[in-house]
Each structure stands twice: as structure tokens, then as C-alpha cells.
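# Chain and residue survey
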Amino acid sequence: MPNYREVPMMRLSVRKLAIVLFLVLCSVLATPAMVYGADTYDVVLSDSGPTFYATKRVGLTYTFKMQGKVISYSTSWYSGSGYSQISFPFVGLYSLDYAYVRLSNSAGFYRSWTYHQGSFTCNFYYPYLSDADGGPSSKLTMKWHYEFVGDLGSY
């Protein structure tokens, strides 16, 4: 004779599995690049100083990272970690067009750099007191700009 107590548990397990699959699918499709026909896709990270740190996960596989520090009247640094190509299921492949970095402060000072690779590091002179020493508040922003290459079937 069947044990009727097991049937509701089996239904509950199927429901849990369906919910998990639905959430995984939504997380993949929730990426802004998932707008069908998007020709470009940008990943932007930003943080206030004097020490900068930010990460952003794109899709299920790609984690972008930004870090750096401004030091009073001295050599300061930043680094960005990204990708030369990113792909999204059901959408396609995107290739890095450029990465753009901008350092600015509340006194109106800014510097910008452009790269054509996904990861980069830079040392530079900061001509102000850092935020920590009473200088103007600083901000570091990094943007990776991608162009649509094509669907994944042809790669």
C-alpha cells in the first residue's frame, strides 16, 4: 500500500526545483545586456577615496574589479580587472571596445585614461592632499565599453 505522506513532500521538492530554476534563469536574463538587440554594453564601477574599491558581477561568470588609492602629493595608483570579451546565453558575444578611467576631486581636478585591454594598472602623481589628510574629496570611475560581435552560434 502506498505511503500517502510522501506525495506532498515530492510535490514540494518539484516546486522547490522549479523555483530554483526560475531564479537562475531570471538572474541570467536580468543582466542589462539582455535587452534583445543591444549593440553595446557598459560595465561601470565607481567609489570615493582616498582608497577605492568596487566589484560588480555580470551574468553568472564575469566579475569586474576596481581598486586604487590617492596619496598626498605623491605617486598614487589604480588597477582595473575586466575582460576582453563577454558572452551572454541567448544573446551573444560582446568584445571590448575600450576601458575608460576617470579620477576627479571636488576641487575640479581630473585626469582620464583610456585602455584597449580588459585589465590595467597605472601609477600617477596626485597633486593634492588626499581625502584622509583633509584634501578635496576624490572619486574614481571605471567603465568597460563593449560592442556586440554576434550570436554565439557562429563562434
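Each remark here, short or long, concerns the structure printed above.
Let us look at the structure shown here. (Residues numbered from 1 in each chain as written. Predicted model: local features only at pLDDT ≥ 70, side-chain atom pairs only at ≥ 80, totals over all residues. Heavy atoms only, no water.)

### Describing the overall build of the protein chain
Within the protein chain, the regular secondary structure consists of one helix and nine strands. Ordered by position from the N terminus, the helices and strands of the protein chain form the series α-β-β-β-β-β-β-β-β-β. Taken across its 155 residues, the protein chain has 35% of its residues classed as buried. Sequence separation of at least 24 residues holds for 60% of the intrachain contacts in the protein chain that already meet a minimum separation of 6. Taken as a whole, the protein chain presents about 9400 Å² of accessible surface, with 58% of it coming from carbon and sulfur. (Helix = DSSP H or I, 4+ residues; strand = E, 2+ residues; numbered from the N terminus. Buried < 20%, exposed > 50% of the residue type's maximum accessible area, 1.4 Å probe, protein only. Contact = heavy atoms within 4.5 Å. Areas by Shrake-Rupley, 256 points an atom, 1.4 Å probe, with all protein chains shown as cover.)

### Observations concerning the packing of aromatic side chains
Under the criterion given, the structure shown has 17 aromatic pairs. Ring centres 6.4 Å apart and planes at 75° place the aromatic pair Y78 and F120 in the edge-to-face group. Of the two residues, Y78 sits in strand 4 (residues 74-81) while F120 sits in strand 8 (residues 120-126), which places them 42 residues apart along the sequence. Across the pair, exposure class does not vary: Y78 and F120 are buried alike. Within the aromatic cluster, the residues linked to one another by ring pairs are Y62, F64, Y78, Y83, W113, Y115, F120, F124, W144 and Y146. One cation-aromatic arrangement involves R102 over Y110; the distance from NZ or CZ to the ring centre is 4.1 Å. (Phe/Tyr/Trp six-rings, centres within 6.5 Å; stacked < 30°, edge-to-face > 60°. Lys NZ or Arg CZ within 6 Å of the ring centre and 35° of its normal.)

### Comments concerning the side chain of N105
With respect to the secondary-structure elements, N105 resides in strand 6 (residues 92-105). The class of N105 is buried, set by a relative accessible area of 8%. A polar side-chain atom of N105 sits 2.9 Å from the main-chain amide nitrogen of A107. Here N105 is in contact with Y126, Y128, P136, S137 and S138, once residues within four sequence places are set aside. (Polar contact = N/O pair within 3.5 Å; in protein donor to acceptor, adjacent residues only side chain to side chain.)

### Comments concerning the sheet that holds strand 4
Ordered by their spatial adjacency, four strands build an open sheet running 2-3-4-8, and the pairing between neighbours is antiparallel. The open sheet has two edge strands with one neighbour each: strand 2 (51-58) and strand 8. With direction set aside, neighbouring strand axes in the sheet form an average angle of 10°. (Pairing = 2+ DSSP bridges. Axes fitted to C-alpha atoms, helices over the stretch in contact; angles between N-to-C directions.)

### Observations concerning the pairing of strand 7 (residues 110-115)
Relative to strand 7, strand 6 is paired through six bridges, and the arrangement is antiparallel. Bridge assignment links A99 to a residue of strand 7, and that residue is Y115. The antiparallel pairing of strand 6 with strand 7 creates a hairpin that spans four residues between the two strands, and G108 there sits at a positive phi of about 95°.

### What to know about the nonpolar core
Membership of the largest hydrophobic core comes to 31 residues, with the highest contact counts inside it found for F64, Y78, L103, W144 and Y146. When contributions to this core are tallied by element, the ones reaching two or more residues are strand 1 (40-48), strand 2, strand 3 (62-69), strand 5 (85-88), strand 6, strand 7, strand 8 and strand 9 (138-150). Among the elements that take part in this core, strand 6 stands out by supplying five residues, more than any other. The residues contacting Y78, other than those within four sequence positions of it, are Q67, G68, V101, W113, Y115, F120, T121, C122, F124, L140 and M142. (Core = buried A, V, L, I, M, F, W, Y, C linked by side-chain atoms within 4.5 Å.)

Everything listed here is a matter of geometry and, on its own, says nothing about what the molecule does.
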